[in-house]
Amino acid sequence: MTHPAPAVPAPRMPPFPAMVAAPLAVLSAFAPGFFFLVALGFSGGELSGPEWVLLAVPLALSLGLLVGAVLLVRGRSWLVLATAGGVLAGLVLGGTAFGGWAEDALGFGLAVGLLPAAAALLAAHPAVRTWVAARRGVR
């Protein structure tokens, strides 16, 4: 089923919230990606089943943020970035608040949690959602 073309073509340039969300998502992807590499390095590649799951979650979130940033800038999807950023922010901020993850480095813990939260909120901004829908030709 094809959708009729919109009356006014969508601009190629992303709206300002999308242009801010994409670099924030890329910056946010470094922390879980770095955690994955460090944990894998310390393990020497000798991991059991549950330990692989604990490493797969940050890797998936990091890749989700990177792929979401590319999809957002191209005008294809805002939901990938918003979902990955929201889940990462929830895990980090929840772990910081309730689990004491960042006792000695509270500023770092908050930054690691607030950057993906900001990226998720900016990606879900109504102007961004409207722009993506117009770029995809969906009403």
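The rules behind each value
Here the residue numbers are simple positions, counted from 1 along each chain's written sequence. Local features are withheld for residues below a pLDDT of 70 in this predicted model, meaning they are given only at 70 or higher, and side-chain atom pairs are given and counted only at 80 or more; totals for whole chains, interfaces and linings count all residues. Computation of side-chain values covers all heavy atoms of the structure but excludes hydrogens and water. Numbering of helices and strands runs from the N terminus, with a helix taken as a DSSP run of H or I at least four residues long and a strand as a DSSP run of E at least two residues long. Summary of the burial criterion: residues with accessible area below 20% of their type's maximum are buried, those above 50% are exposed, and those between are partly exposed, where the area comes from a 1.4 Å probe applied to protein chains only. For this analysis, a nonpolar core means a set of buried residues of the types Ala, Val, Leu, Ile, Met, Phe, Trp, Tyr and Cys, connected via side-chain atoms within 4.5 Å. By definition in these notes, contact holds between two residues if any of their heavy atoms fall within 4.5 Å. Take the residue count of a helix, subtract one, and multiply by 1.5 Å to get its expected span. Any pair of N or O atoms that falls within 3.5 Å is considered a polar contact. Within protein, one atom must be able to donate a hydrogen and the other to accept it, and sequence-neighbouring residues count only if both atoms are side-chain atoms.

(A) Structural detail: the environment of Gly41. With respect to the helices and strands, the residue Gly41 is situated in helix α1 (residues 16-43). When the C-alpha positions of Gly41 and Ala127 are compared, they lie 42 Å apart, and in sequence the two are 86 residues distant.

(B) The arrangement of the environment of Leu121 in detail. Checked against the element boundaries, Leu121 lands in helix α4 (residues 106-123). The exposure class assigned to Leu121 is exposed, which follows from its relative accessible area of 65%. Along the chain, Leu121 and Thr83 lie 38 residues apart, while their C-alpha atoms are 9.8 Å from each other.

(C) Expanded view of the nonpolar core. Among the nonpolar cores identified, the biggest contains 21 residues, and Ala25, Leu65, Leu72, Leu81 and Ala123 are the most heavily contacted of them. Mapped onto this core, the elements with two or more residues apiece are α1, α2 (49-74), α3 (79-98), α4 and α5 (126-136). Ranked by the residues each element gives to this core, the list is headed by α1, at 6 residues. Excluding its chain neighbours within four sequence positions, the residues that come into contact with Ala123 are Ala21, Leu72, Trp78, Leu81, Ala82, Val128 and Arg129.

(D) Representation of α1 in the model. Here α1 is 28 residues long and its end C-alpha atoms lie 42 Å apart, about the 40 Å a rise of 1.5 Å per residue gives. Those residues of α1 lying buried are Pro17, Ala18, Ala21, Ala22, Leu24, Ala25, Ser28, Ala29, Pro32, Gly33 and Phe36. Contact partners of the buried residues in α1: α2, α3, α4 and α5.

(E) View of the environment of Arg136. Position of Arg136 among the secondary structure elements: in helix α5. The class for Arg136 is exposed, based on a relative accessible area of 52%. Taking the C-alpha atoms as reference points, Arg136 and Ser77, separated by 59 residues in sequence, lie 8.7 Å from one another. Every residue in contact with Arg136, bar those within four places of it in the chain, is listed here: Gly75 and Arg76. A distance of 3.5 Å separates a polar side-chain atom of Arg136 from the backbone oxygen of Arg76.

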